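# An overview of the molecular structure
Residue-level listing of the chains:
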Protein chains: 2
Amino acid sequence: MVEHLPIVALMAKLALPEAPQMIGLDWGTSSLRAFLIGNDGGVLAERNGSDGIMAVGPDTGDLKGDFSRLAHAAIGDWLRDHGHLPLLACGMIGSTQGVAEAGYLDLPTELSALGRHLTSVELSIGELHIVPGLQKTSTETTAPDVIRGEETQLLGLLDAEQADATTVILPGTHTKWVKCQGHRVTDFSTSMSGEMFGLLSTSSILSRLAEPADDFHPDAFDWGLSVGADDPAALTASIFSARTWALDGRLHAEKINDYISGMLIGAEVAAQLTTTADSAAPFIVCGTADLTMRYSRALRRHGRQTTEADPRAAAAGLFRIAEQSGLVPTKENIND
Amino acid sequence: MVEHLPIVALMAKLALPEAPQMIGLDWGTSSLRAFLIGNDGGVLAERNGSDGIMAVGPDTGDLKGDFSRLAHAAIGDWLRDHGHLPLLACGMIGSTQGVAEAGYLDLPTELSALGRHLTSVELSIGELHIVPGLQKTSTETTAPDVIRGEETQLLGLLDAEQADATTVILPGTHTKWVKCQGHRVTDFSTSMSGEMFGLLSTSSILSRLAEPADDFHPDAFDWGLSVGADDPAALTASIFSARTWALDGRLHAEKINDYISGMLIGAEVAAQLTTTADSAAPFIVCGTADLTMRYSRALRRHGRQTTEADPRAAAAGLFRIAEQSGLVPTKENIND
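Residues numbered from 1 in each chain as written. Chains lettered and ligands numbered in written order. Predicted model: local features only at pLDDT ≥ 70, side-chain atom pairs only at ≥ 80, totals over all residues. Heavy atoms only, no water.

Going by what an unreviewed UniProt entry lists, chain A is known as 2-dehydro-3-deoxygalactonokinase and is assigned to Brevibacterium antiquum.

Written out as structure tokens, the structure is:
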């Protein structure tokens, strides 16, 4: 690749370490991911910790102090080494259980609007800017729904020029299915299949027969997928078959969890596809490698293609929002 | 009533307390119900305890001794006061986790066959006879399924002369839906909605917003019923609305659990009705007063009538099985 770079750019790349421009925080319920971001939006350093917002206990009367301490533990040395960089956070840190309520943008919304609606709070480590969530208001037939953090991932992974309607799946404890057109978000819904899997695989009667497994068992997962997708309405009955097939000897103990996972994802995907236009556009899946593989496998079963997004889309999204809001100079400014 | 009794019968009734004929045990996973049963099948005394089979820990090498001690604690005084009565048990006591594996009868089966297939085990309190369960073998498209304990309740509550096909619902942690014709059991399936309710209402993110309630909230339950029944395939997504409606302020904290209960039962009932013939025959519901009310309410929403069975049907069933097997004299013998 080197021979294609102009010599000046090559020298810059070799001689100067890229200067950090900002620190991005993806601060969720049970995790805190921190990104040290350079002037092209590249991630110079990354940290993953478990100091999610639940690490702050019941209100001690000093919420700002409590969250400042968590942030200092995660990124204090970056601030010491690089001076006071702009701090931008997304996720549950902006919820009523976070350090400050950062509000929501109503659907439909352009993701380019996020940077104009930041909430700022003065912490001991500096001023923290927080990205708003997205909310869908209720109708006669549908419940309200909310997103916090995923709006930033969406901005990081979506192509603004994409003209076709796109569905993005962000799998996790609460999997989000989001419909977009370019950078415009038109609809989304939340599925609890991830949390249900956690409960069933650790605390239900099904967990008594299951053995934890390090390996993925495609045969058991696909079997579950097929049962879940064939009759998603019967889920609460079908799931009991994890026990009866195990007692019957045809589902081995170390495969039970993959069978359950397949059934939950199979039922979820089948139900979601009934509300999704039949288009050739691939679904974009953005999550851990394991969950992305499972959802892609479920969608392929229905003849739908998937594209896997970089799970660090949050970092790219935080950089774009920082550009929108003027926290960092835009590329145009740099080129000037 | 007294004036209608012949004088001899009246004297017998006044002078002699009804003689106990047998002791029936409904011995499940987490409960032990004991019945002292008279010569007409009537329950003379009843005890409800929590010494289910899980009260016996990992195999100590003396399973018979362990279970004998539990039984002695529950009914030792009955045996002392009335001599060694026949002992008949149904439920998980006959499973591989119980005192002896009591086998299964294959579907379709006549409940009159139960008494001919008892398993007997010698305990220190006397010989314990155990009722077999029922099993449905798997087919190309359906999983195997098993019942233990409900077969005895069915015998206690069903009318042998009923010519129409009947559906019996036995709600609980694992709700059983059983199809019968007279005393012939033709099909059944198990739903885990009860266990899912337990997990969601105690251990999920939904439980963080919920407040326990002593009262039943029909508005919240019916709201959940409607959401669950309208699109049972979307259950894993719809259930998240318990959180979003609560955050929205329109679902009060003390009503969240009834909303969740309604949604799970609504989805379960809607899915089960798709496999049930459209008949005018009422559904028989046999469970606790609270669960029976909830299932009846869900079925009425679909225009289906319900009949509530005596939740002590297990005692009546145990007596009939004791008659079938000759453990107690049949009525015909008494009249001889």
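From this point, the discussion proceeds with the structure in view.
## Quick word on helix α8 (residues 241–248) of chain B
Of all the eight residues making up α8 of chain B, six are buried; the element is thus mostly covered by neighbouring parts of the structure. Taken residue by residue, α8 of chain B has S241, A242, R243, T244, W245 and A246 of chain B as its buried positions. Elements that come into contact with the buried residues of α8 of chain B comprise β10 (145–147) of chain A together with α5 (205–209), α6 (218–230), α7 (235–238) and α9 (256–273) of chain B. Positive phi shows up at G249 of chain B, right after α8 of chain B, with a value of about 90°. (Buried < 20%, exposed > 50% of the residue type's maximum accessible area, 1.4 Å probe, protein only. Helix = DSSP H or I, 4+ residues; strand = E, 2+ residues; numbered from the N terminus. Contact = heavy atoms within 4.5 Å.)

## With respect to the pattern of salt bridges
By the definition in use, this model includes 30 salt bridges over all chains. Where K136 of chain A meets D187 of chain A, a salt bridge forms, and the shortest distance between an N and an O atom there is 3.3 Å. Residue K136 of chain A is found in strand β9 (residues 133–136), and its partner D187 of chain A is found in strand β13 (residues 184–191); the two are separated by 51 residues along the sequence. Its relative accessible area of 17% is what places K136 of chain A among the buried residues. Residue classification places D187 of chain A among the partly exposed residues on the basis of a relative accessible area of 28%. When the shortest N-O distance is used, the salt bridge between D219 of chain B and K255 of chain B registers 2.7 Å. Placement of D219 of chain B in helix α6 and of K255 of chain B in the loop between α8 and α9 is noted, with a sequence separation of 36 residues between them. Exposure remark for D219 of chain B: the relative accessible area of 45% places this residue in the partly exposed category. (Salt bridge = Lys/Arg side-chain N within 4 Å of Asp/Glu carboxyl O.)

## Here's the deal with the sheet that holds strand β7 (residues 119–123) of chain B
Two pairing modes exist for strands in a sheet, parallel and antiparallel, and in both the strands are linked by backbone hydrogen bonds. Residue and element names in this part refer to chain B. Strand order in this open sheet of six strands is β3-β2-β1-β4-β8-β7, and the pairing throughout is mixed. Strands with a single pairing partner mark the edges of an open sheet, and in this sheet they are β3 (43–49) and β7. The mean inter-strand angle of the sheet, taken between neighbouring strand axes irrespective of direction, is 20°. Here six bridges tie strand β2 (residues 32–38) to β3, and the two strands are oriented antiparallel to one another. Following the sheet pairing, R33 is matched in β3 by N48. Of the strands in this sheet, β1 (20–27), β2, β3, β4 (87–90) and β7 are in contact with helix α2 (residues 63–82), which crosses β1 at around 150°. Docked against the sheet, helix α11 (residues 313–325) engages β1, β2, β3 and β4, running at close to 120° with respect to β1. (Pairing = 2+ DSSP bridges. Axes fitted to C-alpha atoms, helices over the stretch in contact; angles between N-to-C directions.)

## Regarding the nonpolar core
Ranked by internal contacts, the top residues of the largest apolar core, which has 44 residues, are L200 and I239 of chain A together with L200 and I239 of chain B. Of all the secondary-structure elements, those providing two or more residues to this core are α4 (193–203), α5 (205–209), α8 (241–247) and α9 (256–273) of chain A together with α4 (193–203), α5, α8 and α9 of chain B. Once residues within four sequence positions are removed from consideration, L200 of chain A is found in contact with L206, S207, I239, I260 and L264 of chain A together with M192, M196 and L199 of chain B. (Core = buried A, V, L, I, M, F, W, Y, C linked by side-chain atoms within 4.5 Å.)

## What about the interface of chain B and chain A?
Of the residues lining the interface, 44 residues belong to chain B; the matching set on chain A comes to 44 residues. In total, chain B and chain A occlude about 3200 Å² of area from one another, counting both sides; carbon and sulfur atoms represent 72% of this. The largest share of the area that chain B buries against chain A comes from M192, T236 and F240 of chain B, three residues that together contribute 19% of it. At the junction of chain B and chain A, the tally comes to zero salt bridges. Our enumeration of links across chain B and chain A arrives at 10 residue pairs in polar contact (both at pLDDT 80 or more). Per element, the largest residue contribution to the side of chain B that touches chain A is six residues, and it comes from α4 of chain B. (Buried area = accessible area lost by both parts, 1.4 Å probe. Polar contact = N/O pair within 3.5 Å; in protein donor to acceptor, adjacent residues only side chain to side chain.)

## What to know about α11 of chain B
In a regular helix each residue adds 1.5 Å, so 13 residues correspond to 18 Å; α11 of chain B covers 18 Å between its end C-alpha atoms and thus fits that length. Of all the positions in α11 of chain B, only A313, A314, A315, G317, L318, F319, I321, A322 and E323 of chain B are classed as buried. (Expected span 1.5 Å × (residues − 1).)

## A word on the pairing of strand β2 (residues 32–38) of chain A
All names here are of chain A. Within β2, six of the seven residues are buried, which leaves it mostly tucked inside the rest of the structure. Pairing of strand β1 (residues 20–27) with β2, which is carried by seven bridges, proceeds in the antiparallel orientation. For P20, the partnering residue across the bridge sits in β2 and is G38. The antiparallel pairing of β1 with β2 creates a hairpin that spans four residues between the two strands. Between the antiparallel neighbours β2 and strand β3 (residues 43–49) lie four residues, among them G41 with a positive phi of about 90°.

## A closer look at the packing of aromatic side chains
Residue and element names in this part refer to chain A. If you walk through the whole model with that rule in mind, you get 10 aromatic pairs over all chains. Seen from their ring centres, W223 and Y259 are 5.0 Å apart, and the 65° between their planes marks the pair as edge-to-face. Of this pair, W223 sits in helix α6 (residues 218–230) while Y259 sits in helix α9, and the two are 36 residues apart along the sequence. A relative accessible area of 28% means that W223 is categorised as partly exposed. (Phe/Tyr/Trp six-rings, centres within 6.5 Å; stacked < 30°, edge-to-face > 60°.)

## Here we look at the relation of the copies chain B and chain A
Mapping chain B onto chain A calls for a rotation angle of 180° and an axial translation of 0.0 Å; the resulting RMSD is 0.0 Å. Taken together, the rotation and translation relating the two chain copies correspond to the operation of a two-fold axis. Residue A233 of chain B of chain B places its C-alpha closer to the rotation axis than any other residue of that unit, at 1.9 Å. (Least-squares fit on C-alpha atoms with pLDDT ≥ 70 in both.)

## A look at the sheet that holds strand β13 (residues 184–191) of chain B
Residue and element names in this part refer to chain B. Taken together, the six strands give an open sheet; going across it, the order is β6-β13-β12-β11-β14-β15, and neighbouring strands pair in mixed fashion. Either end of the sheet is taken by a strand with one partner, and the two such strands are β6 (109–110) and β15 (306–308). By the bridge criterion, seven bridges tie strand β12 (residues 175–181) to β13 in an arrangement that is antiparallel. Looking across to β13, one finds that T175 is bridged to S191.

## Structural notes on the environment of L291 of chain A
Relative to the helices and strands, L291 of chain A resides in helix α10 (residues 289–301). Excluding its chain neighbours within four sequence positions, the residues that come into contact with L291 of chain A are P171 and G172 of chain A.

## Structural notes on the side chain of S261 of chain A
Residues and elements named next belong to chain A. Tracing the sequence through the fold places S261 in helix α9. Judged by relative accessible area, which is 6%, S261 ranks as buried. Apart from the residues within four sequence positions on either side, S261 is in contact with F197, F221 and R294.

## Here we look at the packing of α9 of chain A against α10 of chain A
Residues and elements named next belong to chain A. Here α9 crosses α10 at 55°, and the two axes come no closer than 10 Å. One finds that α9 runs oblique with respect to α10. Note on packing geometry: the crossing formed by α9 with α10 is right-handed. Residues D258, S261, I265, E268, V269 and L273 of α9 touch α10, and the partners they reach there are R294, Y295, A298 and L299. The class makeup of the residues in the contact of α9 with α10 is six nonpolar, one polar and three charged. (Parallel < 35°, antiparallel > 145°, perpendicular 65-115°, else oblique. Left-handed = near helix turned anticlockwise from the far one by under 90°. Nonpolar A, V, L, I, M, F, W, Y, C, P; charged D, E, K, R; others polar.)

## Section: the pairing of strand β8 (residues 126–130) of chain A
Residue and element names in this part refer to chain A. For β8, a buried count of four out of five residues is recorded, marking the element as mostly surrounded by other parts of the structure. By the bridge criterion, three bridges tie strand β4 (residues 87–90) to β8 in an arrangement that is parallel. Bridging across to β8, L87 finds its partner in L128. Linking strand β7 (residues 119–123) to β8, which pair antiparallel, is a turn of two residues.

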